[in-house]
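# Close look at the chain arrangement
Here's the letter readout for the chains.
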There are 2 protein chains.
Amino acid sequence: MKDSSEYLEKRAFFDSLLTIYGRKPVLEALEDPSLPLHKLHLASSNRRDQLINRMEALAEERQIEVAHWDRKGLSRISKNARQDQGVALDLALPNYGTCKTFLQQRERGTSQQAYELLALDGITNPQNLGMIIRSACAGGVDGIILPRKGCAQVDPLVIKASAGALFKTQILRCETLADALRDFRESGARICGLSSHAPKTLAEVTGDRPTIFVLGNETRGVSDAVAKQCNELLRIPMRNGVESLNVAVTAALISFRREL
Amino acid sequence: MKDSSEYLEKRAFFDSLLTIYGRKPVLEALEDPSLPLHKLHLASSNRRDQLINRMEALAEERQIEVAHWDRKGLSRISKNARQDQGVALDLALPNYGTCKTFLQQRERGTSQQAYELLALDGITNPQNLGMIIRSACAGGVDGIILPRKGCAQVDPLVIKASAGALFKTQILRCETLADALRDFRESGARICGLSSHAPKTLAEVTGDRPTIFVLGNETRGVSDAVAKQCNELLRIPMRNGVESLNVAVTAALISFRREL
């Protein structure tokens, strides 16, 4: 029993890690005292230059572990051998987790309050992702589902565009969005796809049960696999024949709709 | 009497002209059948190459006038000698006018309905300007005040970011925003500056009189000269210690606040 809870705790910790890579982003993160750091990873093939020395000095100053790997080992950690430049850094984000853990906690928990999440499907523009995170954090939603496949990932550009909100927003990760949404639906959540042609409007959504708002790619909309998991379609009423809004604007209108 | 109304009509027409410049933007506009064109301007110093020939052929096809100018004459039209590349094009936008004309029409008119406008102060990012125009058009505001000084101007990038909404949105121009806002205030409008520290919230604004929402630069906020013209300050309530929203997001929340 003790082992299992220890294991779950450990897993939740690893789920909270966000790995960034590349010399400039890693150095900037090491220099930013507001970021919670976990571990610096270096390829042993790196030439020992000023930059690497500076990184190691900062890691010692921040009291985080430094691990050395061969090229292959490092690329397993960065998951981007082409762009990691031999360095990677784990950030330990307290609000970073997985959809699975979120659902397990809800099942075990006593909270009956209906949550609201945004789910991102094919949002590839990092500026938009950063703005979505900032609006969701400032508005009224409880978190963002960010799949590893098909979306921009949290990188230094996104961190910048989110203006610090990334570290205060619950980010739930999953592999593919369609699979995660199926789990949520089976747990009783309402899955609402945003679509400009839907008959029902956003204002008609009631807060009586957990609700996930699915935001699709600006050009292609919600993908077919994800649309199959939606049990409702919603639109934001638009005037003057405008057919779509920027996805970050849509995210903000959802997040703030009860605050205005 | 007839002369004066003819003069006013003519002036209103010239106020509706938007001049773009640069070889690529002008060619793209000439090739776009959805754009209402007025006149093509060419510097006589241009080398007669394929691109210039193509522009003249398109102007003939679209049945618009072509004017030839010396370098100095052309730069007076483009107002940007450094970047016009010897070509400029007037678009005739039906929804493009000036603050003065707007106020005169309201004074003469019988409509007692209270209007709502967004006013932009120091919005220099063309992407943001395009998104603001798109949101304002789709939402419920009646137009946007865009000063010539201190803001990004409507250029091909903005047209693209607005996704066609530019041609359906009332754009009111003025030289400096502070002067225009003083005119509006004297006509009885309420001038509301958006500020994260204001005690009053957006939700408390009533629709009983003409209202102008002033959006400031993302970093510096509303400028001093403009702040002096505001007779109210408003904030959008934000959670989790977020201090500001992207300006295009703020514009959308104002424009859609009664639709959600």
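The name that an unreviewed UniProt entry assigns to chain A is TrmH family RNA methyltransferase, with the source organism given as Microbulbifer echini.

Attention shifts here to the packing of aromatic side chains. All names here are of chain A. All told, the structure shown has eight aromatic pairs over all chains when counted by the stated rule. Ring geometry for Phe102 versus Phe184: centroids 6.0 Å apart, planes at 45 degrees, classification tilted. Of this pair, Phe102 sits in helix H5 (residues 99-108) while Phe184 sits in helix H8 (residues 177-186), and the two are 82 residues apart along the sequence. One exposure class covers both Phe102 and Phe184, and it is buried.

A separate point is the relation of the copies chain B and chain A. Overlay of chain B on chain A (RMSD 0.1 Å): rotation 180 degrees, translation along the axis 0.1 Å. Both copies are brought into coincidence by an operation consistent with a two-fold rotation axis. Considering only C-alpha atoms, the part of chain B nearest the rotation axis is Val249 of chain B, at 2.7 Å. A share of 100% of the interface residues of chain B reappears at the interface of chain A, consistent with the copies meeting face to face through the same patch.

Another point: the domain arrangement of chain A. All names here are of chain A. The domains assigned to chain A are domain 1 (17-92) and domain 2 (96-256). Here the C-alpha centre of domain 2 lies 31 Å away from the C-alpha centre of domain 1. Taken together, the contact between domain 1 and domain 2 spans five residues of the former and seven residues of the latter. Here domain 1 and domain 2 share an interface that buries about 550 Å² over both sides, 77% of which is from carbon and sulfur atoms. The three residues of domain 1 that bury the most area against domain 2 are Leu17, Leu18 and Leu35, which together make up 59% of that side's buried surface. At the surface where domain 1 touches domain 2, the tally comes to zero salt bridges. Scanning the region where domain 1 abuts domain 2 turns up one residue pair in polar contact (both at pLDDT 80 or more). A breakdown of the residues in the side of domain 1 that touches domain 2 according to their chemical character gives five nonpolar, no polar and no charged.

Moving on, we get to the sheet that holds strand E6 (residues 116-120) of chain B. Across the sheet, which stays open at both edges, the eight strands sit in the order E5-E8-E7-E6-E11-E9-E12-E10 (chain B) with parallel pairing between neighbours. Looking at strand neighbours, the two that pair on one side only are strand E5 (96-98) and strand E10 (200-201) of chain B, the edges of this open sheet.

All names here are of chain A. The tally for this structure, following the rule as stated, stands at 28 salt bridges over all chains. For Glu65, the salt bridge is made with Lys39, and the minimal N-O distance between the two is 3.5 Å. Residue Glu65 is found in strand E3 (residues 65-69), and its partner Lys39 is found in strand E2 (residues 37-43); the two are separated by 26 residues along the sequence. Residue Glu65 is classed as partly exposed on the basis of its relative accessible area of 48%. Accessibility expressed as a relative area gives 18% for Lys39, which makes it buried. Between Asp84 and Arg71 there is a salt bridge, with the nearest N and O atoms lying 2.8 Å from each other. Here Asp84 is found in the loop between helix H4 (71-78) and strand E4 (87-92), whereas its partner Arg71 is found in helix H4, with 13 residues between them in sequence. Residue Asp84 is classed as buried on the basis of its relative accessible area, which comes to 0%. Counted as one network, the salt bridges with shared partners bring together Glu116, Arg257 and Arg258.

The rules we used
- Residues numbered from 1 in each chain as written.
- Chains lettered and ligands numbered in written order.
- Predicted model: local features only at pLDDT ≥ 70, side-chain atom pairs only at ≥ 80, totals over all residues.
- Heavy atoms only, no water.
- Phe/Tyr/Trp six-rings, centres within 6.5 Å; stacked < 30°, edge-to-face > 60°.
- Helix = DSSP H or I, 4+ residues; strand = E, 2+ residues; numbered from the N terminus.
- Buried < 20%, exposed > 50% of the residue type's maximum accessible area, 1.4 Å probe, protein only.
- Least-squares fit on C-alpha atoms with pLDDT ≥ 70 in both.
- Contact = heavy atoms within 4.5 Å.
- Domains from an automatic or database assignment.
- Buried area = accessible area lost by both parts, 1.4 Å probe.
- Salt bridge = Lys/Arg side-chain N within 4 Å of Asp/Glu carboxyl O.
- Polar contact = N/O pair within 3.5 Å; in protein donor to acceptor, adjacent residues only side chain to side chain.
- Nonpolar A, V, L, I, M, F, W, Y, C, P; charged D, E, K, R; others polar.
- Pairing = 2+ DSSP bridges.

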